[in-house]
Amino acid sequence: MFQIMMLPDADNFLKVVEGSYGQVLLHLPDDTRCDLKRDHTARQMLRVMRPTQEGFCVSLSDARDVPAFLDYMIGSARRRI
């Protein structure tokens, strides 16, 4: 599971989601999960939400997706420096 503290470019993040092999689940505060690949409403919600101090959590169902998400997160952090 990834805890994301900032999301500077939701569209680029969603491109990584779309290219993933497995499910990409957004964990909501009420302990429900939404599949960002299949749930249009969840993608729209992600575009407008701003992570709180705790951030938000995303889990992956396929380990092959981990490198792409790490690359996205590292690239986002580099652009902020």
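Please refer to the structure placed before this passage.
Residues numbered from 1 in each chain as written. Predicted model: local features only at pLDDT ≥ 70, side-chain atom pairs only at ≥ 80, totals over all residues. Heavy atoms only, no water.

**Describing the pairing of strand S4 (residues 56–60)**
Alignment of strand S1 (residues 2–4) against S4, held across three bridges, turns out to be antiparallel. Note that in S4 the partner of Phe 2 across the bridge is Val 58. Note: strand S2 (residues 24–27) against S4, four bridges, orientation antiparallel. Its bridge partner being in S4, Val 24 is matched across the sheet by Leu 60. (Pairing = 2+ DSSP bridges. Helix = DSSP H or I, 4+ residues; strand = E, 2+ residues; numbered from the N terminus.)

**Thoughts on the pairing of S2**
Here S2 runs beside strand S3 (residues 33–35); their pairing, made up of three bridges, is antiparallel. Note that in S3 the partner of Leu 25 across the bridge is Asp 35. Here S2 folds back onto S3, and the loop between the two strands holds five residues, one of which, Asp 31, carries a positive phi near 70 degrees.

**Focus: the environment of Arg 33**
Turning to its location among the elements, Arg 33 is positioned in strand S3. Sequence spacing of Arg 33 and Val 58 is 25 residues, and the spatial spacing of their C-alpha atoms is 8.9 Å. Not counting chain neighbours up to four residues away, the residues in contact with Arg 33 comprise Leu 25, Leu 26 and His 27. (Contact = heavy atoms within 4.5 Å.)

**Some words on unusual backbone geometry**
One non-glycine residue, Asp 31, lies in positive phi territory at about 70 degrees. Residue position: Asp 31 is located in the loop between S2 and S3. For Asp 31, a relative accessible area of 72% puts it in the exposed group. (Buried < 20%, exposed > 50% of the residue type's maximum accessible area, 1.4 Å probe, protein only.)

**Examining helix H2 (residues 40–48)**
What H2 keeps buried is the set Ala 42, Arg 43 and Leu 46. Considered in projection along H2, the buried side chains sweep an arc of 100 degrees and stay on one side of the axis. The exposed set on the far side of H2, more than 90 degrees from its buried face, consists of Thr 41 and Val 48. In this structure, the buried residues of H2 make contact with helix H1 (10–18), S3 and S4. (Arc of directions from axis to C-beta.)

**Things to note about the state of the cysteines**
Considering all chains together, one arrives at zero disulfides under this definition. Its sulfur unpaired, Cys 34 is 13 Å from the next cysteine sulfur, which belongs to Cys 57. The class for Cys 34 is buried, based on a relative accessible area of 13%. You can call Cys 57 partly exposed: its relative accessible area is 22%. (Disulfide = S-S within 2.5 Å.)

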